[in-house]
Amino acid sequence: AYNMSKIKSKEYYRKRFEQAKLAKCVKRYEEVWEEVVFREKARMEEAKMAKTISSSTTDTADTSGSARSRSRSPAESDVRDDDSEVFEFVVQYPTKFGEELYVIGSCPELGDWDLGKKVHMGWFERNHWKVKVAIPKERQAIEYKFVVGHYGNDRWEAGFNHRFECSGGRSVLAQWQYY
């Protein structure tokens, strides 16, 4: 009788464990799904805004697709003026749930290395993060790094600063430095 109750007890706890494990998995999937829906809605809003802006202006609109950032960064620009050039920063980085990517750098348009002024990047498929930034033509060279933000905690990219010469607006492709 004792062994039988011990076996039933083990079965009971094993069943409870499996139920808890399944519930945790379902919760994780629900969180990921909410994030996907949130980002998709944000991309649709950005596309609508970009379409509206492009129909009302003759120059290019920013389509960074930012998911979390509701307010515009002062470094981002919908329209390039004659004194600046638009640079698109692009990096591929596999974020985890709740993480966002930012770029920060040595000029005011990239926040002057101040985390409070970092520039939010938008997520695109295959974990590409992008943002367009208008930078005045008088800038010579710029150094920058990427930062992962996760609910107020910032983690800087390792390694040396990225650097480029400001000559003609273009895409600035970078590899994330892990060490």
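All values derive from a computational prediction rather than experimental measurement.

Peer 1: What's the story with the packing of aromatic side chains in this structure? I'm lost.
Peer 2: This structure, assessed with the given rule, holds 7 aromatic pairs. Centre to centre, the rings of F89 and F164 are 5.8 Å apart; their planes meet at 65°, and the pair counts as edge-to-face. Of the two residues, F89 is situated in strand 1 (residues 84-92) and F164 in strand 8 (residues 162-165); the sequence distance between them amounts to 75 residues. For F164, a relative accessible area of 7% translates into the label buried. Relative to W156, the ring of W113 lies with its centre 6.2 Å away and its plane at 25°, an arrangement referred to as stacked. Remark: W156 occurs in strand 7 (residues 153-156) and W113 occurs in the loop between strand 2 (99-105) and strand 3 (119-120); sequence separation between them is 43 residues. Exposure remark for W113: the relative accessible area of 32% places this residue in the partly exposed category. Of the residues examined, W156 reaches a relative accessible area of 35% and is grouped as partly exposed.

Peer 1: Explain the layout of surface pockets to me, please; I cannot follow it from the model alone.
Peer 2: It is the rolling of a water-molecule-sized probe over the atoms that shows where space remains empty. Quantified by volume, the largest pocket comes out at close to 260 Å³. What lines the largest pocket is a set of 13 residues, among which E35, V36, R39, W123 and N127 lie closest to the centre. Per element, the largest residue contribution to the lining of the largest pocket is 6 residues, and it comes from helix 1 (residues 2-56).

Peer 1: Would you take a moment to explain the pattern of salt bridges for this structure?
Peer 2: Pairing between side chains of opposite charge can happen when the charged atoms of each approach one another. Here the structure, examined in full by the defined rule, presents 7 salt bridges. As a salt-bridge pair, R155 and E99 come within 3.7 Å of each other at their nearest N and O atoms. Note that R155 is positioned in strand 7 and E99 in strand 2, a separation of 56 residues in sequence. The class of E99 is buried, set by a relative accessible area of 5%. Bridged by salt links that share partners, the residues E109, E138 and R139 form one connected network.

Rules used throughout
Residues numbered from 1 in each chain as written. Predicted model: local features only at pLDDT ≥ 70, side-chain atom pairs only at ≥ 80, totals over all residues. Heavy atoms only, no water. Phe/Tyr/Trp six-rings, centres within 6.5 Å; stacked < 30°, edge-to-face > 60°. Helix = DSSP H or I, 4+ residues; strand = E, 2+ residues; numbered from the N terminus. Buried < 20%, exposed > 50% of the residue type's maximum accessible area, 1.4 Å probe, protein only. 1 Å grid on protein atoms, 1.4 Å probe; cavity = no way out; pocket = protein on both sides within 12 Å on 5 of 7 lines; lining within 4 Å. Points joined across faces, edges and corners; volume = space filled by probe spheres on them. Salt bridge = Lys/Arg side-chain N within 4 Å of Asp/Glu carboxyl O.

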